[in-house]
Amino acid sequence: MRIVVCIKQVPATDDAKIDPVTKRIVREGMKAVLNPFDLYAVEEGVRLKEEFGGTVVAVTMGPPSAEKALRECLSLGCDEAYLLSDRAYGGSDTWATSYALAKGIAKIGDADLVICGKQAVDGDTAQVGPGIAAHLDWQQCTYVSKVLSFDCNELVAERMNEAGSDRVALTLPAVLTVVKDINQPRVPSLRSVLASLEAEIPVWKPADIGADVDKIGLNPSPTRVVKTAPPPPRSGETLHISGDAAQAAAALAAKLTQLGFTEGK
Amino acid sequence: MILTNEIPKEAYRNIWILAEMNGEAISPVTHELLGAARGLAEARGADVVAVVLGSGFESTVEDLAAYGADSVIYADDKRLAAYNDELEANLLTRLIKAYRPEVFLGAATARGRALIPRLAVKTVSGLTADCTELTIDAETGELHQTRPAFGGNLMATIKTPNHRPQMATVRPRVMKALDPDYTRSLQSIVREEILPEETENIKRILETVREHQGAVNLGDAQIIVSGGRAMKGPEGFKMLQALADKLGAAVGASRPCIDAGWMPYAHQIGQTGQTVQTKLYIACGISGQIQHLVGMQGCDTIIAIDKNPNTPLMQMADVAVCGDVFEIVPELTKLL
């Protein structure tokens, strides 16, 4: 069995501050971390390997510094890691990113399963997982909360939706995106962290994976960001209510009525 | 331009929406998509086409006219009863190639966020997720799609200059449905069938579990009453549920409450839970770790109730109530 986990390095939100004027998070100077949802993808890949045998390979597309996120995957139990990094990849949208990752997965070869996190917390699109499945023409299952069975040919998974859940059978190879309640990620041991720092992580340029340079990067990407702006600031003033519980509740109830939230009940 | 599918942009017209299904019924978010599509179609002098894939809804498609559809293209088939990504993407790819819509809108639901990215790759189209604003250039038909990124910290406007259709998903409750006009009728209704090759290499749906009424659907809620660590345990959330019932609200929770097992994961709001944009968010005993704030700062009105007036959430809130949640919430529930 070979499982490929696709990950992304994203800005950390841990050390963010709130701007006192706009009341929004200040993003300047944030450090980079492994996308939180990808921890569950890595853990699931490693658990499946531990149960059924095989190898887990981590892959990402990003700047050279994204190597750090791949080392974290190695420390968490992945066996190999590859970095797609080159200027030519820069500016790729989700179409082009999923194309490049699909090419990387094909280059790794013999994958039975690809696992991604539900979405990355910076872009929040959730598009790359299904995009990889479409480029490879493999079956996909998103919002997976449980892998119920797994053999060479078929995987049965439970996936979540707004109304409940489904149990679905996928013919392998296939692509999963996983949600947080699928598992509890492990904490790496010091030994595995040290070993991950020694590991060799090959860097693949477009030619290394046979990617068509007319399908990657900014220009070929179908979508184009034409403007970014801070969201409208939250209306400045905070209304403070205090006093004893009865007074505070009465003031709050009056405010809710004024805002129209107590109508129609 | 190597990526384009070699058909000139001008050959694409009309605004399509993909109807969202709730079992055999057409879900209300469909009406919101129609409302958004109507404005775009009028700017372009084009038609709004509703595409409906499902099972057992056939008798209700004409109702879509009242909400703004000019035409309906549909497939009513038992194999479409449960959502199957591959089957729906195969069928829609054929319809898009045949009819060439200029714009394709879908709901940013579990189904839409899985299906439409697959479809966008197959049809070589640009896709923008979770749009909060859509406008169209009346001359060129270029769609300006505005969406939040970085947990709502940045609004990005995105265009698809060279590829058609221009695809976008929209979260439920973001766009406005039109008041239904039952004097409108459809210009055409086209029934499509699944082709045999479209059922090749598709997953099997073994079972569909629909949770009983009252299951959490934070994405659909207009009001959320949410609790944090200070709720102390599951009992605290029962108290919040009573308040939520009075307001017609859903109950949310911050991550520590989920990790402690007080509430199921489906209730989690924040970076590793759900991002919500409700009209009203009442945060009870939530200090406001950054991971929580990114999940709810897009809400219209934020009310915080906490003993400590200096928490990030109390400072961000529109209304900050300083006091004990265990005293204030029951009082408030009584008053409503």
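Just above sits the structure.
Definitions and cut-offs
- Residues numbered from 1 in each chain as written.
- Chains lettered and ligands numbered in written order.
- Predicted model: local features only at pLDDT ≥ 70, side-chain atom pairs only at ≥ 80, totals over all residues.
- Heavy atoms only, no water.
- Salt bridge = Lys/Arg side-chain N within 4 Å of Asp/Glu carboxyl O.
- Helix = DSSP H or I, 4+ residues; strand = E, 2+ residues; numbered from the N terminus.
- Buried < 20%, exposed > 50% of the residue type's maximum accessible area, 1.4 Å probe, protein only.
- Patch = residues over 30% accessible without salt bridge, like charges linked within 9 Å, V, L, I, M, F, W, Y side chains within 5 Å.
- Areas by Shrake-Rupley, 256 points an atom, 1.4 Å probe, with all protein chains shown as cover.
- Pairing = 2+ DSSP bridges.
- Contact = heavy atoms within 4.5 Å.
- Buried area = accessible area lost by both parts, 1.4 Å probe.
- Phe/Tyr/Trp six-rings, centres within 6.5 Å; stacked < 30°, edge-to-face > 60°.
- Axes fitted to C-alpha atoms, helices over the stretch in contact; angles between N-to-C directions.
- 1 Å grid on protein atoms, 1.4 Å probe; cavity = no way out; pocket = protein on both sides within 12 Å on 5 of 7 lines; lining within 4 Å.
- Points joined across faces, edges and corners; volume = space filled by probe spheres on them.
- Nonpolar A, V, L, I, M, F, W, Y, C, P; charged D, E, K, R; others polar.
- Parallel < 35°, antiparallel > 145°, perpendicular 65-115°, else oblique.
- Left-handed = near helix turned anticlockwise from the far one by under 90°.

(A) Just the pattern of salt bridges, in detail. Residue and element names in this part refer to chain B. For the structure shown, the criterion picks out 31 salt bridges over all chains. For Arg-94, the salt bridge identified is with Glu-192, shortest N-O distance 3.4 Å. Remark: Glu-192 occurs in the loop between β12 (188-191) and β13 (204-210) and Arg-94 occurs in helix α2 (residues 85-99); sequence separation between them is 98 residues. Accessibility expressed as a relative area gives 23% for Arg-94, which makes it partly exposed. On the basis of relative accessibility, which here comes to 12%, the residue Glu-192 falls in the buried class. The residue Lys-334 makes a salt bridge to Glu-331 at a minimum N-O spacing of 3.7 Å. One end of the pair, Lys-334, and the other, Glu-331, are both in helix α8 (residues 325-335), 3 residues apart, so they sit about a helical turn from each other.

(B) Structural view of a nonpolar patch on the surface. Residues and elements named next belong to chain A. Side chains of Leu-190, Leu-194 and Leu-197 sit close together on the surface and give an oily, nonpolar patch of about 330 Å² of accessible area. Checked against the element boundaries, Leu-190 lands in helix α5 (residues 190-198). You can call Leu-190 exposed: its relative accessible area is 64%.

(C) Just the pairing of strand β9 (residues 139-150) of chain A, in detail. Residue and element names in this part refer to chain A. With 9 of its 12 residues buried, β9 lies for the most part within the structure. Across 4 bridges, β9 lies against strand β12 (residues 174-178) in parallel orientation. What sits directly across from Cys-141, in β12, is Leu-176. In this antiparallel pair of consecutive strands, β9 and strand β10 (residues 154-161), the connection spans 3 residues.

(D) Highlighting the sheet that holds strand β6 (residues 55-61) of chain A. Read across the open sheet, the 10 strands follow the order β13(A)-β7(A)-β6(A)-β1(A)-β8(A)-β12(A)-β9(A)-β10(A)-β11(A)-β13(B); overall the sheet is mixed. Every interior strand has two partners, whereas the edge strands, β13 (203-204) of chain A together with β13 of chain B, have only one.

(E) Examining the interface of chain A and chain B more closely. Across the contact, 86 residues belong to chain A and 88 residues belong to chain B. Of the roughly 7,500 Å² buried where chain A meets chain B, counting both sides, 57% is carbon and sulfur surface. Linking chain A with chain B are 4 salt bridges. The residue B:Asp259 makes a salt bridge to A:Lys180 at a minimum N-O spacing of 3.8 Å.

(F) Geometry of the packing of aromatic side chains. Residue and element names in this part refer to chain A. Summed over the entire model, instances satisfying the criterion amount to 6 aromatic pairs over all chains. A ring pair is formed by Tyr-82 and Trp-204, whose centres lie 4.3 Å apart and whose planes are at 20°; its orientation type is stacked. In this pair, Tyr-82 sits in strand β7 (residues 80-84) while Trp-204 sits in strand β13, placing the two residues 122 residues apart along the sequence. Of the residues examined, Tyr-82 reaches a relative accessible area of 15% and is grouped as buried. By relative accessible area, Trp-204 is classed as buried at 10%. When the centroid spacing of 6.3 Å and the interplanar angle of 25° are considered together, the rings of Trp-95 and Tyr-99 count as stacked. Of this pair, Trp-95 and Tyr-99 both sit in helix α3 (residues 94-108), 4 residues apart, which is roughly one turn of that helix. Both residues of the pair, Trp-95 and Tyr-99, count as buried.

(G) Structural context of the environment of A:Asn153. All names here are of chain A. Note that Asn-153 resides in the loop between β9 and β10. For Asn-153, a relative accessible area of 57% puts it in the exposed group. Considered as a pair, Asn-153 and Ala-174 are 21 residues apart in the sequence and their alpha carbons are 9.9 Å apart. Apart from residues lying up to four places away in sequence, Asn-153 is in contact with Leu-170, Thr-171 and Leu-172.

(H) Here's a closer look at the sheet that holds strand β16 (residues 280-284) of chain B. A sheet is described by the order of its strands in space; here 6 strands give the open sequence β15(A)-β18(B)-β17(B)-β16(B)-β14(B)-β15(B), paired in parallel fashion. In this open sheet, the two strands that pair with only one neighbour each are β15 (239-241) of chain A together with β15 (250-253) of chain B. Averaged over all pairs of adjacent strands, the angle between their axes in this sheet comes to 20°, without regard to strand direction. One ladder, built from 5 bridges, connects strand β14 (residues 223-227) of chain B with β16(B); its direction is parallel. By the bridge assignment for β16(B), B:Gly227 is matched with B:Cys284.

(I) Looking closely at empty space enclosed by the protein. Summed over the entire model, instances satisfying the criterion amount to 3 cavities of 30 Å³ or more. If you add up the space inside the second largest cavity, you get close to 80 Å³. Every residue lining the second largest cavity is listed: A:Asp93, A:Thr94, A:Trp95, A:Ser98, A:Gln127, A:Thr223, B:Pro117, B:Ala120, B:Val121, B:Ser125, B:Gly126 and B:Leu127. Of all the secondary structure elements, the ones that give two or more residues to the lining of the second largest cavity are α3 of chain A together with α3 (112-122) and β7 (126-131) of chain B. Looking at the lining of the second largest cavity residue by residue, the class counts come to 5 nonpolar, 6 polar and 1 charged.

(J) Examining the packing of helix α7 (residues 245-258) of chain A against α8(B) more closely. Where α7(A) contacts α8(B), the two axes come as close as 8 Å, and the packing angle between them is 50°. The pairing of α7(A) with α8(B) is recorded here as oblique in orientation. Here the hand of the crossing between α7(A) and α8(B) comes out right-handed. In this structure, α7(A) contributes A:Ala245, A:Ala246, A:Ala248, A:Ala249, A:Ala250, A:Leu252, A:Ala253 and A:Leu256 to the contact, and α8(B) contributes B:Glu327, B:Ile328, B:Glu331, B:Leu332 and B:Leu335.

(K) Examining the side chain of A:Ser145 more closely. Considering the arrangement of structural elements, one finds A:Ser145 in strand β9. Residues within four places of A:Ser145 in sequence aside, it is in contact with A:Glu158, A:Arg159, A:Met160, A:Val179, A:Asp181 and A:Ile182.

(L) Fine view of the environment of B:Gln268. Topologically, B:Gln268 is positioned in the loop between α5 (255-259) and β16. With a relative accessible area of 1%, B:Gln268 lands in the buried category. Residues B:Gln268 and B:Leu218 lie 50 residues apart in sequence; the distance between their C-alpha atoms is 9.2 Å. For B:Gln268, the residues in contact, after removing those within four places along its chain, are A:Lys180, B:Leu218, B:Ala253, B:Arg255, B:Ile258, B:Gly273 and B:Gln274.

The values reported here are purely geometric and, on their own, carry no functional implication.
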